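An overview of the molecular structure
Spelled out, the chains give:
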Amino acid sequence: MTAFVAEVIGTFFLILMGNGVVANVVLQDTKGNNSGWIVITTGWALAVFIGVVVAGPYSGAHLNPAVSIGLAIAGTFSWQLVPSYILAQMLGAMLGAFMVWALYRNHYRRTDDAGAKRATFCTAPAIRDWPSNLLSEIMGTFALIFVIFYFSDPLLGEGDAQVPMGMGSLGAVPVSLLVFVIGLALGGTTGYAINPARDLGPRIIHTLLPIKKKEGSDWGYSWVPVVGPVIGSILAALFYLLLS
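- The name an unreviewed UniProt entry assigns to the protein chain is Glycerol uptake facilitator protein, from the organism Flagellimonas taeanensis.
- In its Sequence similarities (unreviewed entry) section, the UniProt record describing the protein chain reads: "Belongs to the MIP/aquaporin (TC 1.A.8) family."
- The record in UniProt for the protein chain states the following under Subcellular location (unreviewed entry): "Membrane".

As for the overall build of the protein chain
- Along its length, the protein chain carries 9 helices and 2 strands.
- When the elements of the protein chain are put in sequence order from the N terminus, they spell out α-α-α-α-α-α-β-β-α-α-α.
- When the backbone C-alpha atoms are referred to their principal axes, the protein chain occupies close to 65 × 35 × 30 Å.
- Sorting the 244 residues of the protein chain into buried and exposed places 49% on the buried side.
- When contacts within the protein chain are restricted to residue pairs at least 6 apart in sequence, those whose partners lie at least 24 apart make up 76%.
- For the protein chain, the exposed area adds up to about 11400 Å²; of that, 68% sits on carbon and sulfur atoms.
- Looking at the protein chain, you have 12 positive and 12 negative side-chain charges, and the mean spots of the two groups are 19 Å apart.

A word on the packing of helix α3 (residues 65-73) against helix α4 (residues 82-110)
- The interhelical angle for the contact between α3 and α4, taken along N-to-C directions, is 165 degrees, at an axis separation of 9 Å. The orientation of α3 relative to α4 falls into the category roughly antiparallel. When you trace α3 past α4, the crossing you get is right-handed. Taking contact as the criterion, the partners of Pro65, Ser68, Ile69 and Ala72 in α3 are, on α4, Val82, Tyr85, Ile86 and Gln89.

Description of the pattern of salt bridges
- Counted according to the given criterion, the structure contains 3 salt bridges.
- When the shortest N-O distance is used, the salt bridge between Arg110 and Asp29 registers 3.2 Å. Here Asp29 lies in the loop between α1 (3-26) and α2 (37-59) and Arg110 lies in helix α4, a separation of 81 residues in the sequence.
- The exposed category is assigned to Arg110, whose relative accessible area is 56%.
- For the salt bridge of Asp218 with Arg128, the shortest nitrogen-to-oxygen distance reads 3.0 Å. Placement of Asp218 in the loop between α8 (196-208) and α9 (224-243) and of Arg128 in the loop between α5 (114-119) and α6 (130-149) is noted, with a sequence separation of 90 residues between them.
- The class for Asp218 is buried, based on a relative accessible area of 17%.

Quick notes on the packing of aromatic side chains
- Enumeration according to the criterion identifies 13 aromatic pairs in this entry.
- On the numbers, 5.5 Å between centres and 80 degrees between planes, the contact of Tyr150 with Tyr240 is edge-to-face. Note that Tyr150 is positioned in the loop between α6 and β1 (155-156) and Tyr240 in helix α9, a separation of 90 residues in sequence.
- A connected cluster of aromatic rings, assembled from ring pairs, spans Phe142, Phe146, Phe149, Tyr150, Phe239 and Tyr240.

Side note on the layout of surface pockets
- The space that makes up the second largest pocket amounts to roughly 290 Å³.
- Along the wall of the second largest pocket there are 18 residues; nearest its centre are Trp37, Ala119, Ala124, Thr190 and Gly191.
- Broken down by secondary-structure element, the contributors of at least two residues to the lining of the second largest pocket are α1 and α2.
- Counting residues per element, the lining of the second largest pocket draws most heavily on α2, which supplies 3 residues.
- Partitioned by chemical class, the residues of the lining of the second largest pocket number 11 nonpolar, 6 polar and 1 charged.

So, how was this worked out
- Residues numbered from 1 in each chain as written.
- Predicted model: local features only at pLDDT ≥ 70, side-chain atom pairs only at ≥ 80, totals over all residues.
- Heavy atoms only, no water.
- UniProt positions renumbered as here; feature names shortened; annotations may be inferred.
- Helix = DSSP H or I, 4+ residues; strand = E, 2+ residues; numbered from the N terminus.
- Buried < 20%, exposed > 50% of the residue type's maximum accessible area, 1.4 Å probe, protein only.
- Contact = heavy atoms within 4.5 Å.
- Areas by Shrake-Rupley, 256 points an atom, 1.4 Å probe, with all protein chains shown as cover.
- Lys, Arg positive; Asp, Glu negative; His and termini not counted.
- Charge placed at Lys NZ, Arg CZ, Asp CG, Glu CD.
- Axes fitted to C-alpha atoms, helices over the stretch in contact; angles between N-to-C directions.
- Parallel < 35°, antiparallel > 145°, perpendicular 65-115°, else oblique.
- Left-handed = near helix turned anticlockwise from the far one by under 90°.
- Salt bridge = Lys/Arg side-chain N within 4 Å of Asp/Glu carboxyl O.
- Phe/Tyr/Trp six-rings, centres within 6.5 Å; stacked < 30°, edge-to-face > 60°.
- 1 Å grid on protein atoms, 1.4 Å probe; cavity = no way out; pocket = protein on both sides within 12 Å on 5 of 7 lines; lining within 4 Å.
- Points joined across faces, edges and corners; volume = space filled by probe spheres on them.
- Nonpolar A, V, L, I, M, F, W, Y, C, P; charged D, E, K, R; others polar.

So, in structure tokens, the structure goes:
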């Protein structure tokens, strides 16, 4: 289990569970059909938990190019590792999206709504307005990255003798709750990609797969969930450095 493999596997589980819950909610004749936004945001939060638990001990569980870029700007992660991390995240996201399709392929056949089928792969705005959509992705990712900078382990001891105490798998809970509230509070506008790999990788798979009546992959919008999170990450890291 290298850092590269950990990022692939962690991102795979992130997308498998995250896009999987979307498929369960929006595709026809599933057990979870029409169960709503709360189910989707809860599923995504728990998907983050699973991905972080698996990858955390080996790679730090970035699972998101915006996280890798933000940490590198802040000086807590090597720029030399950023390209390999992003490649691993893209591969994991594409594999996860493919597996969701494989598991739900009978339900894709029964679903006529091309937009619903595409939603199980990538995001789309509720109201298409480029400046507003871009701002939503910037702000959501800014919140994600900025708060991550302030995560800390509990301390054991007193005064100068205090040492960080690891939380084990429970260390994945804070970021899961953070993604949960971002989805609940800020996700209604664009579907809160807040992760270029989470959107771009599955969008590529949507383009490649032989899905019946799928229509296009909305490549005209695809730049927003890539550029927005990168900008949000950069701004969060710079603001963190300014405050530090």
